[in-house]
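Report on the structure
In case you want the letters, here they are:
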Amino acid sequence: MENKFLIDVNIALDILLDRLDTSPRIYELFQKLKALPTIYLSTSQLHTIAFIFFKEGRKSRPLHILQEEWQLFLKFFTLIKTPAYLDVNDPLFQRDTEDYLIEASAKIVGAKIITRDTAFLRASEYAVSIDDFLSLPVQEEKNIAFLDLKAINEAHASELERAFDGVLHSGWYIQGQQVKAFESEFAAYCGTPFCIGVANGLDALTLTLRAWKEMGRLKEGDKILVPANTYIASILAITENRLIPVLVEPDPATFNISPSEILKFLDSKTKAILPVHLYGQMADMPAIKEIAEKNDLLVLEDAAQAHGAIIGGKKAGSWGDAAGFSFYPGKNLGALGDAGAVTTHDEELALTIRALGNYGSHIKYENLYQGVNSRLDEIQAALLRVKLFHLDKDIEKRQAVARQYMEGINHPEILLPAWKEDASHVFHLFVLRCQRRDALQAYLAEKGIQTLIHYPVAPHKQKAYGAWKGIRLPLTEQIHREVLSLPMGSIICKIDVFEVIKVLNEFN
Ligand SMILES: Cc1ncc(COP(=O)(O)O)c(C=O)c1O
C-alpha cells in the first residue's frame with residue numbers, strides 16, 4: 001500500500017497526551033509513522049487538537065513545556081490545507097462535517113486516515129484503524145528518485161499556500177506587487193541593480209540578445225561563442241535572433257566552456273560570449289571577463305542552472321553584461337510552472353528587455369518595438385519569493401550530498417566531477433562520467449535508483465540543426481556519450497545517498 005497517512009484528531013491527542021490507556025499501541029504506531037517519508041495533518045484539525053492538548057496538558061505540565069512539545073509534534077507533519085471546494089451533498093459532509101474536512105484534506109494527497117473513531121471507519125473508505133495500520137506491510141521505499149519535486153515543494157507547503165492565497169485574493173495577476181518584490185529581491189540576491197522577470201529561461205536569453213540588437217550592440221550575422229555541450233536552449237536563443245553560434249569545446253573536467261578554446265575562435269565578427277554555468281558550476285568567469293574586455297565582447301551568462309553559485313566573491317548573474325535565469329520547476333530555484341528572469345547592471349538594457357517582453361511597450365499602448373508577451377506572472381513570483389528565502393539552505397544541502405558522493409564513490413570506471421571545495425558549484429546536477437554509461441544506468445535502474453542523462457544528444461547532432469551534421473566536436477560528443485546524473489536535491493536523505501554510493505561501487 002501507498003506510504004501516505006494522515007492522522008485523525010483522536011490519534012494526534014493520544015500521541016500528544018500519552019494516552020496509553022485508550023490507545024495501548026500508540027507508541028508503536030508513532031514509531032511506524034515516523035519511519036515514513038511524510039506524515040500529514042489536516043489544518044481543519046489543528047485548532048481542536050491544540051485546544052484539547054493545552055487544556056488537558058495544563059493539568060500535568062507548565063505552559064512552556066506544552067509549547068515546546070506542541071512545536072516538536074508539528075515538526076513531524078506536513079500540513080494539508082482544508083480545501084475551499086466543499087461538496088455539501090457528500091454523505092460524509094451531512095453526517096459529520098469535521099470528518100468530511102479531514103477526508104477532503106487526505107484526498108488532496110491521496111493519504112489514508114488513521115483513526116479510532118468507529119463511525120468514521122464505517123463512513124469513509126479512506127479511514128483505517130490503528131490495528132489495521134500496524135498490520136499493513138508498509139512498503140519499504142526502495143526506489144530512489146532522481147528528484148522528488150513534490151517533496152521539495154511540500155517542504156514549504158504552508159508558506160506556498162499563504163503566497164498563493166495572497167495572490168488569489170489580491171485580484172491582481174499580471175505585473176503587480178509580487179513581481180516587483182521578487183525582481184528586487186532576486187536582483188539583491190545576485191548582486192545586480194536590475195532584474196526583469198520573463199516567462200521562462202529561454203526567453204531570458206532570447207530577449208537579451210534581441211535587446212542588444214535593438215540597442216545597436218549586435219546585428220544579424222554577428223558571432224556568439226557558446227559551449228557546444230550545453231542544453232539546446234542556449235543555442236536556440238542565438239539562432240532565433242539570426243546570430244551565428246560558434247560551438248566551443250568544454251574543459252572535460254568541469255564540463256564548462258574553456259577560456260583557452262575561446263581564444264582560438266575570436267575573429268572580427270565575434271561580438272559576444274555566452275558561457276553556461278553547466279550543472280550548477282560557474283564557468284571561469286574571471287578569465288572569460290578578461291577576454292571579453294580585451295576584445296570588446298558582450299557577455300551573456302546562461303545561469304539557468306546556477307542560482308546562488310559564487311566565483312571570485314561574485315554571484316552567478318552579476319559577472320556578465322547580463323544573465324538569463326530559468327525557474328523551471330526542477331531548477332535549484334524552481335517555480336511551480338514556467339518562469340525566468342534577466343539580471344543586469346545596465347539600466348538601458350533592463351528597460352529594453354522589459355519593453356520587448358511587454359509587446360514592445362514602455363508605456364501602455366505606446367509600442368517602440370515589435371515585441372512579444374513574455375512576463376513573469378504574479379503567482380509564480382509570489383511562490384518564487386518563498387523558495388528564494390530558502391535557497392541558500394537548499395544549496396548547502398546539495399553541496400553536502402555532493403561531498404558525500406565525492407568521498408564515497410570509488411570505482412575505477414567512474415570519473416567524478418571536478419569540484420574545488422568552494423561556493424562555485426551549487427550542484428543543480430551531480431554528473432559523473434563512465435565509458436559504459438548505458439550499462440551503468442541500466443544496472444542502477446535495476447537496483448531501484450533513477451538516473452538521468454544531461455544530455456543524451458549534443459545540440460549539433462539534433463535534427464533541428466541538421467546543417468551542422470558535418471561538424472566534429474570530439475570532446476562534446478564523448479561527454480554526451482558518457483555523462484550520467486545521480487539523484488540530487490535538497491531533500492534526498494543521507495541513507496539514500498549511501499545506498500547509491502554502495503550500489504555504484506559494486507558495479508561490474
Ligand atoms: C542551461 C539552460 N539554459 C536555458 C534553459 C531554458 O530555461 P527554460 O526551460 O526556463 O526555458 C535551461 C533549462 O531548461 C537550461 O538548463
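As annotated in an unreviewed UniProt entry, the chain carries the name DegT/DnrJ/EryC1/StrS family aminotransferase and comes from Desulfobotulus mexicanus. According to the UniProt record, the Sequence similarities (unreviewed entry) comment for the chain is "Belongs to the DegT/DnrJ/EryC1 family."

Let's shift gears to the environment of F133. When you line up the elements, F133 lands in helix α8 (residues 130–135). A sequence separation of 20 residues divides F133 from I113, and the C-alpha atoms of the two residues are 9.5 Å apart.

Let us now look at the sheet that holds strand β18 (residues 430–434). The 3 strands are arranged β17-β18-β19 in an open sheet whose pairing can be described as antiparallel. In this open sheet, the two strands that pair with only one neighbour each are β17 (414–415) and β19 (483–486). Where β17 meets β18, 2 bridges bridge the pair, whose relative direction is antiparallel. What sits directly across from L415, in β18, is R433.

What follows deals with the nonpolar core. Core analysis: the biggest nonpolar cluster contains 69 residues, and L209, W212, Y405, L440, L444, L486 and L504 have the highest contact counts within it. Both domain 2 (150–385) and domain 3 (390–506) contribute no fewer than three residues apiece to this core. Leave out the neighbours within four places in its chain, and L486 touches F146, Y405, I409, F430, L432, L444, T451, V500 and L504. Core analysis: the next-biggest nonpolar cluster, separate from the first, contains 43 residues, V9, I15, I49 and I80 among them.

What follows concerns the packing of helix α1 (residues 9–16) against helix α4 (residues 63–75). Where α1 meets α4, the axes come as close as 11 Å, and the angle between the chain directions of the two elements is 125°. Judged by the inter-axis angle, α1 sits oblique to α4. α4 is crossed by α1, and the crossing has right-handed handedness. When α1 is examined against α4, the residues A12, I15 and L16 are found in contact with a partner set consisting of E69, W70 and F73. Residues of the contact of α1 with α4, tallied by class, amount to 5 nonpolar, no polar and 1 charged.

All right, on to the sheet that holds strand β10 (residues 298–302) then. If you trace the 7 strands from one edge of the open sheet to the other, you get β6-β14-β13-β10-β9-β7-β8, paired in mixed fashion. In the strand order of this sheet, the two ends are held by β6 (194–198) and β8 (244–248), each with one partner. Averaged over all pairs of adjacent strands, the angle between their axes in this sheet comes to 25°, without regard to strand direction. Pairing of β6 with strand β14 (residues 340–344) involves 5 bridges; the strand directions are antiparallel. Residue pairing for β14: I196 is matched across the bridge by V342.

Every residue close to the ligand is listed here: N200, G201, L202, Y231, A233, V276, D302, A304, Q305, S326, K331 and Y455. Within the side chain of Q305, an N or O atom sits 2.8 Å from an oxygen atom of the ligand. K331 is positioned such that a nitrogen or oxygen atom in its side chain is 3.1 Å from an oxygen atom of the ligand. Within the complex, the protein chains bury 90% of what would otherwise be the 390 Å² of accessible surface of the ligand. Taken together, the residues of the shell around the ligand break down into 6 nonpolar, 4 polar and 2 charged.

For helix α15 (residues 285–295), every residue scored as buried is listed here: M285, I288, K289, I291 and A292. Here the buried residues of α15 occupy an arc of 160° about the axis, which is enough to place them on one side. In α15, the exposed positions that point more than 90 degrees away from the buried face belong to E293 and K294. For α15, the elements touching its buried residues are α14 (259–265), β9 (270–273), β10 and β11 (310–311). Remark: D296 follows α15 within two positions and exhibits a positive phi of approximately 55°.

Note on backbone geometry: most residues besides glycine have negative phi, and most peptide bonds are trans. Cis geometry marks the peptide bond from H454 to Y455, where omega comes out at 15°. You will see that F255, though not glycine, has its phi angle at about 70°, which is positive. Looking at the secondary structure, you find F255 in the loop between β8 and α14. Phi is positive for F427, close to 50°, though the residue is something other than glycine. Within the element layout of this structure, F427 appears in the loop between β17 and β18. For F427, a relative accessible area of 0% corresponds to the buried category.

One pass over the full model with this rule turns up 23 salt bridges. The residue K150 makes a salt bridge to E154 at a minimum N-O spacing of 3.6 Å. Remark: E154 and K150 occur in helix α9 (residues 149–154); sequence separation between them is 4 residues, near one turn of the helix. Under the relative-accessibility criterion, K150 is labelled partly exposed at 43%. The exposure class of E154 is buried, given its relative accessible area of 16%. Salt bridges here are not isolated pairs; linked through shared partners, they connect D14, R19 and R116.

Calculation criteria
Residues numbered from 1 in each chain as written. Predicted model: local features only at pLDDT ≥ 70, side-chain atom pairs only at ≥ 80, totals over all residues. Heavy atoms only, no water. UniProt positions renumbered as here; feature names shortened; annotations may be inferred. Helix = DSSP H or I, 4+ residues; strand = E, 2+ residues; numbered from the N terminus. Pairing = 2+ DSSP bridges. Core = buried A, V, L, I, M, F, W, Y, C linked by side-chain atoms within 4.5 Å. Buried < 20%, exposed > 50% of the residue type's maximum accessible area, 1.4 Å probe, protein only. Domains from an automatic or database assignment. Contact = heavy atoms within 4.5 Å. Axes fitted to C-alpha atoms, helices over the stretch in contact; angles between N-to-C directions. Parallel < 35°, antiparallel > 145°, perpendicular 65-115°, else oblique. Left-handed = near helix turned anticlockwise from the far one by under 90°. Nonpolar A, V, L, I, M, F, W, Y, C, P; charged D, E, K, R; others polar. Near = heavy atom within 4 Å. Polar contact = N/O pair within 3.5 Å; in protein donor to acceptor, adjacent residues only side chain to side chain. Areas by Shrake-Rupley, 256 points an atom, 1.4 Å probe, with all protein chains shown as cover. Arc of directions from axis to C-beta. Salt bridge = Lys/Arg side-chain N within 4 Å of Asp/Glu carboxyl O.

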